[in-house]
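# A look at the structure
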Amino acid sequence: MKRLMRLRGSQHLRDLCAETEFNRAQLIQPFFVVEGLANEEPIAGLRGNVRHSVASALKQIEKDLADGVTQFLLFPVPAEKKDGNFSQQLTRETISEIRRQFGDSLCLWVDTCLCSYTTHGHCAVMNDKGINLAATLDELANSAVAFAEAGADGISPSDMMDGRVARIRTALDAKGFDLVPIMSYSTKFASNFYGPFRNAADSAPQFGDRRHYQLDVRNRNGAINASLRCAEEGADLLMVKPGMTSLDLIRPINEQTGLQVGAYQVSGEYAGMVLLAEQELIKFDEALLETWHVFKRAGAQYIITYGARYARRLGIGR
Ligand code: PBG
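Residues numbered from 1 in each chain as written. Predicted model: local features only at pLDDT ≥ 70, side-chain atom pairs only at ≥ 80, totals over all residues. Heavy atoms only, no water.

This part is about the overall build of the chain. Along the chain, the regular secondary structure elements total 10 helices and 12 strands. Expected size for 318 residues packed as a compact globule is a radius of gyration near 20 Å; at 20 Å, the chain falls within 12% of this value. With the C-alpha coordinates of the chain rotated into their principal frame, the extents come out at 70 × 45 × 40 Å. Contacts in the chain between residues far apart in sequence, at least 24 positions, make up 75% of those at least 6 positions apart. If you sum the accessible surface of the chain, you get close to 14,800 Å²; carbon and sulfur atoms cover 49% of it. (Helix = DSSP H or I, 4+ residues; strand = E, 2+ residues; numbered from the N terminus. Rg over C-alpha atoms; globule rule 2.2 N^0.38 Å. Contact = heavy atoms within 4.5 Å. Areas by Shrake-Rupley, 256 points an atom, 1.4 Å probe, with all protein chains shown as cover.)

Rendered as structure tokens:
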């Protein structure tokens, strides 16, 4: 009889045979900084994550650094919503304060999108006909340059507008930021799993939905094509999102582009585990670790997760 169980008999043997491994440097912790906030505010479903003021974000980062987190993804949420000419003051201040306090002990990625800035909550500048692509690309490129000037280590465009990676790359290069990488949300689906995030980032669309710019989950070719396009436009790192519903796409995208692909375990996916744990239906830490190993098995190079700050507690080294 074939005895596959023989190699599972002890932790030593299981570790000997483990094919996936990763370290804390490959986990990215998102955080929200909300303008004008006096006190931290909880975010429904996102255990361990709150809406921060600049001051409380700095405290959280200090704690996270002590816990071994080194990669962060900032979501700035301005108080004033507009329809264009967006101010990047909050983001600039946040980035430069982080740089001033923590120097290069962390790697700071900044999400670049407009949905937290606009009155209507869409990821673009709109006119009567719909998306005003030219104006949107201008805003995104200006944002990226402002973030790089303030000291961001990398730019993460999450808007899914055609041509944004090329425009951002050109704008960064023109200002001498040719070594600032772009981590593109390259395969991003229209999804039901962004719910907790939209509460945290004030970014729910006020009319319609995002299906005219985010991807259709039914389409594998469209999904791969979107990442190929970002690669051609000059993205340095690619990403699938939501991660848990895009596992099948990670390897094909990596193989076809030669670029590393990360997975974003989005707010609804994370909150699902939080809620199951609250009902005592799963053990939170073990479930979280299970999903991270699955991302790795599927070929993800890095993972963006609201639980990155628990990595050391979960036994993930270095
Ligand atoms: C902004 C953006 C979204 C997320 C990241 N950037 C929401 C959306 O596209 O509606 C979702 C992240 C999450 O759910 O954790 N475009």
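Along the chain, A148 turns up in helix α4 (residues 133-150). Remark: the alpha-carbon pair of A148 and F177, spanning 29 residues in sequence, is separated by 7.2 Å. Those residues in contact with A148, other than ones at most four positions away along the chain, are I155, L172, F177 and V180.

Moving on, we get to the site of the ligand. Of all residues adjacent to the ligand, which total 18 residues, the nearest are K188, R198, K241, S267 and Y306. Between the ligand and R198 there is a distance of 2.7 Å, counted from an oxygen atom to a side-chain nitrogen or oxygen. S267 has a polar side-chain atom sitting 2.7 Å from an oxygen atom of the ligand. Partitioned by chemical class, the residues of the shell around the ligand number 10 nonpolar, 3 polar and 5 charged. (Near = heavy atom within 4 Å. Polar contact = N/O pair within 3.5 Å; in protein donor to acceptor, adjacent residues only side chain to side chain. Nonpolar A, V, L, I, M, F, W, Y, C, P; charged D, E, K, R; others polar.)

Below, the discussion takes up the side chain of E139. The residue E139 is located in helix α4 in this model. At a separation of 2.7 Å, a polar atom in the side chain of E139 contacts the main-chain amide nitrogen of N85. For E139, the residues in contact, after removing those within four places along its chain, are G84, N85, F86, L114 and V125.

Let us look at the pairing of strand β5 (residues 107-112). In terms of burial, β5 is a largely internal element, 5 of the 6 residues being buried. The sheet contact formed by strand β4 (residues 71-77) and β5 spans 4 bridges and is parallel. Counterpart to L74 in the pairing with β5 is V110. With respect to chirality, the unit in which β4 leads through helix α3 (residues 89-102) into the neighbouring parallel β5 is right-handed. Summarising the sheet, β5 and strand β8 (residues 154-157) pair through 4 bridges and their orientation is parallel. Bridge pairing in β8 places W109 opposite G154. (Buried < 20%, exposed > 50% of the residue type's maximum accessible area, 1.4 Å probe, protein only. Pairing = 2+ DSSP bridges. Right-handed = clockwise from strand over helix to strand, strands pointing away.)

Bringing the packing of aromatic side chains into the picture now. Within this structure, the stated rule accounts for 11 aromatic pairs. Aromatic side chains Y185 and Y264 sit 6.0 Å apart centroid to centroid with 40° between the ring planes, which places their arrangement in the tilted category. Separated by 79 residues along the polypeptide, Y185 in the loop between α5 (164-174) and β9 (187-188) and Y264 in strand β11 (residues 261-264) bring together distant segments of the chain. The pair formed by Y185 and Y264 is uniform in burial state, with each residue classed as buried. (Phe/Tyr/Trp six-rings, centres within 6.5 Å; stacked < 30°, edge-to-face > 60°.)

Here we take up unusual backbone geometry. In the segment running from K241 into P242, the intervening peptide bond is cis, with an omega of -5°. Turning to its location among the elements, P242 is positioned in the loop between β10 (238-241) and α8 (247-257). Although it is not a glycine, M160 sits at a positive phi angle of roughly 70°. Take M160: it is sitting in the loop between β8 and α5. On the basis of relative accessibility, which here comes to 5%, the residue M160 falls in the buried class.

Before going further, it helps to examine the pattern of salt bridges. One pass over the structure, following the stated rule, counts 16 salt bridges. For R100, the salt bridge is made with E97, and the minimal N-O distance between the two is 2.7 Å. Of this pair, R100 and E97 both sit in helix α3, 3 residues apart, which is roughly one turn of the helix. Given a relative accessible area of 61%, R100 falls into the exposed group. For R99, the salt bridge identified is with D153, shortest N-O distance 2.9 Å. On the criterion of sequence distance, the pair formed by R99 in helix α3 and D153 in the loop between α4 and β8 is long-range, its members being 54 residues apart. Taking the relative accessible area as the measure of exposure, R99 reaches 18% and is therefore buried. (Salt bridge = Lys/Arg side-chain N within 4 Å of Asp/Glu carboxyl O.)

For the rest of this paragraph, the subject is the nonpolar core. Judged by nonpolar contacts, the single largest core of 102 residues is most densely connected at F31, F32, L108, L172, Y264 and W292. Discounting residues that sit within four places of it in the chain, F31 has contacts with A57, I61, F72, L73, L74, F75, I98 and L108. (Core = buried A, V, L, I, M, F, W, Y, C linked by side-chain atoms within 4.5 Å.)

With that settled, the discussion passes to the packing of α4 against α5. Packing of α4 against α5 leaves a shortest axis separation of 9 Å and a crossing angle of 45°. Taken together, α4 and α5 sit at an angle that is classed as oblique. When the axes of α4 and α5 are compared, the crossing they make is right-handed. Every residue of α5 that contacts α4 at L137, D138, L140, A141, A144, V145 and A148 is listed here: R164, R167, I168, A171 and L172. Class assignment for the residues of the contact of α4 with α5 results in 9 nonpolar, no polar and 3 charged. (Axes fitted to C-alpha atoms, helices over the stretch in contact; angles between N-to-C directions. Parallel < 35°, antiparallel > 145°, perpendicular 65-115°, else oblique. Left-handed = near helix turned anticlockwise from the far one by under 90°.)

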